[in-house]
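Letter by letter, the chains look like this.
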Amino acid sequence: MELKNGFITSLSGGLYTVYKDGVFYKCKARGVFRAKGVSPIVGDYVDFQIDEKNNGYILKVHPRKNRLLRPPIANFEQVMIIVSLAHPNISLSMISRYILVSLLADVTPIIIINKVDREDLDKDYLEYMTNILKSFDYEVIQTSAKTKINLDLIKSLLANKKTVITGQSGVGKSSLLNAIFEHELIPTQDISTALGRGRHTTRVVEYYPYQNCFIADTPGYSFIEFKIDAQDLSQIYPGFEKYLNKCKFRGCLHENEVGCQVKVDVEKGIMPKEHYEDYLSFLKEIKTKKEY
Ligand SMILES: Nc1nc2c(ncn2[C@@H]2O[C@H](COP(=O)(O)OP(=O)(O)OP(=O)(O)O)[C@@H](O)[C@H]2O)c(=O)[nH]1
Ligand SMILES: [Zn+2]
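## Here's the deal with the packing of helix H2 (residues 92-104) against helix H9 (residues 273-288)
Two elements in contact, H2 and H9, have axes whose closest approach is 9 Å; the angle formed by their N-to-C orientations is 60 degrees. As the angle between them shows, H2 and H9 are arranged oblique. Our pair here, H2 against H9, has a crossing hand that is right-handed. Note on element contacts: H9 touches H2 through Glu274, His275, Asp278, Phe282 and Glu285, opposite Leu92, Ser93, Ser96, Arg97 and Leu100. For the contact of H2 with H9, the class distribution of residues is three nonpolar, three polar and four charged.

Here it is as structure tokens:
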């Protein structure tokens, strides 16, 4: 029997869907995984076999490049953080957390501000927020699913990649994907699942096959779980990387330390005060919560 190498796009009722060269195979995981305490998760590259009765079996899971704890998904190449300025309101602290999730997974985040077509759009606030986010040195793209602004750009960024999409409920994740990929889903047996987007009542995560890419929405996960300690936070919090050797003391947590350059820049208005306060409350959370 031929051994194939593919990647898991979904898991439902104990049955995995494994993608290989344009074909989706339904596979079970061999009991050996349970015995070892490692189960394959969505996104895993696996070796699998299809037997003469057309039953598929996963035999081996290859090492993961990255993974999210919850939702459990592996091997994504980028994270798109989708927000709207209002309806729902933009939250700098939430964006910062999504950026941290990306950095800890060793991928670059892309920030998308959707709904810029809205008539009640506060243009000054949009510019203010865009500038703060750009100061973190990540790509910030303004879009509209409704009037199709910058959709080609988003499409080109998604091409040939595996992307995790995050963002609060109502920011327009489904609308954006539908506007970008209308009628362009890969024609496969999985098309029924792919078309059944919209309201997810169950917390399932899967890579949806679109034209030339795979996209995993994270429905129902307004907060993606991740672990970080105070020291790492002080170094990789968005916009804080550049302070690594600028504070007087090595390992400065930018809290109450003497000679902290972050605090100086907050006073000068170079570092937005609200962003710094988000940092302090996150730091406090980490210090008081054991599970971080
Ligand atoms: N004006 C405007 N409205 C939009 C845009 N994109 C989405 N909407 C509206 O925002 C609402 C929420 O859009 P969805 O696409 O369902 O948002 P979502 O992020 O997928 O939400 P969940 O599925 O709950 O996670 C809908 O009423 C959309 O019509 C946009 O670019 N402009
Ligand atoms: Zn400092």
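## Quick look at the site of ligand 1
As a structural note, the neighbourhood of ligand 1 is formed by 16 residues, with Asp117, Ala145, Ser169, Ser174 and Ser175 the closest of them. In the model, an oxygen atom of ligand 1 is placed 3.0 Å from a nitrogen or oxygen of the Lys115 side chain. Asp117 has a polar side-chain atom sitting 2.6 Å from a nitrogen atom of ligand 1. In isolation ligand 1 offers 660 Å² of accessible surface; the protein chains occlude 73% of this area. The leading source of residues in the shell around ligand 1 is helix H5 (residues 173-181), at three residues. Residue composition of the shell around ligand 1, grouped by class: two nonpolar, eight polar and six charged.

## Focus: the coordination of the zinc ion (ligand 2)
Within the protein, the atoms that donate to the zinc ion (ligand 2) are Cys247 (SG), Cys252 (SG), His254 (ND1) and Cys260 (SG), at distances of 2.1 to 2.4 Å. What the four donor atoms of the zinc ion (ligand 2) show is an angle range of 103 to 113 degrees at the metal, which sorts the shape as tetrahedral. Each donor residue of the zinc ion (ligand 2) belongs to the same chain, and together they define the spacing C-x4-C-x1-H-x5-C. Residue classification places His254 among the buried residues on the basis of a relative accessible area of 3%.

The rules we used
Residues numbered from 1 in each chain as written. Chains lettered and ligands numbered in written order. Predicted model: local features only at pLDDT ≥ 70, side-chain atom pairs only at ≥ 80, totals over all residues. Heavy atoms only, no water. Axes fitted to C-alpha atoms, helices over the stretch in contact; angles between N-to-C directions. Helix = DSSP H or I, 4+ residues; strand = E, 2+ residues; numbered from the N terminus. Parallel < 35°, antiparallel > 145°, perpendicular 65-115°, else oblique. Left-handed = near helix turned anticlockwise from the far one by under 90°. Contact = heavy atoms within 4.5 Å. Nonpolar A, V, L, I, M, F, W, Y, C, P; charged D, E, K, R; others polar. Near = heavy atom within 4 Å. Polar contact = N/O pair within 3.5 Å; in protein donor to acceptor, adjacent residues only side chain to side chain. Areas by Shrake-Rupley, 256 points an atom, 1.4 Å probe, with all protein chains shown as cover. Donors = N, O, S within 2.8 Å, 3.2 Å for Na, K, Ca; no water. Tetrahedral: all angles 85-135°; square planar, octahedral: opposite > 155°, others 65-115°. Buried < 20%, exposed > 50% of the residue type's maximum accessible area, 1.4 Å probe, protein only.

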